[in-house]
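Results of the structural survey
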Amino acid sequence: MTDERPIPPEDPGTPPAAFPMRDPADPAIDPERAESSLPSGELDLFGKPPPRGKQDWSHRKAEPRALALAWTSFLLVGTVSSFVRSGVGGVITTDGYRPAARDLMLIVMIGATLLWPLLRLSQAATRRPLIATIRDYTVIVIPAQAILWPLALLARWPLSTVAASVLLMMAFCALAGAAMSAPFMIARSRSPEDSPGAVSRLWWSAVVLLVSLAGPLVLGVALLTGGADMRDATSVRFDYMLSPLTAVFELMRDRSWSGYPVRVEAGHWAAIGVVWMVALAAWAPLVSLARGVARSRRSA
């Protein structure tokens, strides 16, 4: 007799649902949960969230990055516009490069000593004005080196002439930076949260304009009144050297009689030294104000 055990019936299982059940917490169902599942903070152009410890990308938008972009674009446009005339006739010569090089130097001077300070004087005050000005100064001066030094090869100018032009540009840029920082530092010395008013900004903008345009204005008045410049090519025109826009024409003045297309005399170096001393003297009280503001912040 065989031992037969009953075979249990097969479990039919749970019948498949017509539509699969979905978790109510699924982001595809709950829009609010879907928004919360996205990366928090601002995303960049490629959808990348900010780095760890940052709520947004404001640290990448801070100055002087915007100034660096604007300044390099300004230099690029100035270089192209200055040298495009040299190849209009199809033949590019050294004599054709020299006027373009002088124009480029003038464009750099206008941007560094006139446009930059006027731009900053029209903007909101920063928390540390003097540090911001120093950062701006490096952004202005360093890219300009890549534009100015190659002029020695293109225009066949002596290195001393290019060096004098660069030093003069840096000196006037430092002087403009001091005039630009003055209203902000004066306001900060009164209160850490104070900002210069419209009258103060206009006053210091007038100072910047006076430093940059005093030379051309004096020369224009002299020409209108019939006072022609009778000085010979061997003399150093010190009045030209005291304004950034007219100094370009004095340093790049034709001195072929000396055996060089341009030449820097001892008087030119003396004038550059005077501008540097004035710029450093203008920065001294600003540094003193910055130290006083820092001490007041630490004691508060």
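Residues numbered from 1 in each chain as written. Predicted model: local features only at pLDDT ≥ 70, side-chain atom pairs only at ≥ 80, totals over all residues. Heavy atoms only, no water.

Next up on the list: the overall build of the chain. Assigned secondary structure in the chain consists of 11 helices and zero strands. Taken over 300 residues, the chain has a buried fraction of 34%. Within the chain, counting contacts between residues at least 6 apart in sequence, those at least 24 apart form 67% of the total. As displayed, the chain has an accessible area near 18,300 Å², and 66% of this comes from carbon and sulfur atoms. (Helix = DSSP H or I, 4+ residues; strand = E, 2+ residues; numbered from the N terminus. Buried < 20%, exposed > 50% of the residue type's maximum accessible area, 1.4 Å probe, protein only. Contact = heavy atoms within 4.5 Å. Areas by Shrake-Rupley, 256 points an atom, 1.4 Å probe, with all protein chains shown as cover.)

When you line up the elements, Ser181 lands in helix H7 (residues 159–190). Accessibility expressed as a relative area gives 1% for Ser181, which makes it buried. Note: C-alpha distance between Ser181 and Leu130 (51 residues apart in sequence) is 6.3 Å. A polar atom in the side chain of Ser181 sits 2.5 Å from the side chain of Thr133. (Polar contact = N/O pair within 3.5 Å; in protein donor to acceptor, adjacent residues only side chain to side chain.)

With 32 residues, H7 should cover 46 Å at 1.5 Å per step; its first-to-last C-alpha distance of 47 Å lies within 8% of that length. The largest bend along H7 reaches roughly 35° and is located at Ala182, with the proline Pro183 sitting one to four residues downstream. Among the 32 residues that make up H7, 25 are buried, leaving the element largely enclosed by the rest of the structure. (Expected span 1.5 Å × (residues − 1). Bend = angle between axes of the 7 residues up to and from the residue.)

Contact pair helix H4 (residues 94–121) / helix H10 (residues 244–251): the axes reach a minimum separation of 9 Å and the direction vectors enclose 160°. In terms of orientation, H4 lies roughly antiparallel with respect to H10. Relative to H10, the crossing made by H4 is right-handed. Every residue of H10 that contacts H4 at Arg102, Met105, Leu106, Met109, Ile110 and Thr113 is listed here: Pro244, Leu245, Val248 and Phe249. For the contact of H4 with H10, a count of residues per class yields eight nonpolar, one polar and one charged. (Axes fitted to C-alpha atoms, helices over the stretch in contact; angles between N-to-C directions. Parallel < 35°, antiparallel > 145°, perpendicular 65-115°, else oblique. Left-handed = near helix turned anticlockwise from the far one by under 90°. Nonpolar A, V, L, I, M, F, W, Y, C, P; charged D, E, K, R; others polar.)

Moving on to the pattern of salt bridges. Under the criterion given, the structure shown has four salt bridges. Between Arg253 and Glu250 there is a salt bridge, with its nearest N and O atoms 3.7 Å apart. Both residues of the pair, Arg253 and Glu250, count as buried. Taken together, the salt bridges that share partners define one network made up of Arg237, Glu250 and Arg253. (Salt bridge = Lys/Arg side-chain N within 4 Å of Asp/Glu carboxyl O.)

Turning to its location among the elements, Ser205 is positioned in helix H8 (residues 198–224). We classify Ser205 as buried; its relative accessible area is 14%. Discounting chain neighbours no more than four positions away, the residues touching Ser205 are Leu118 and Leu121.

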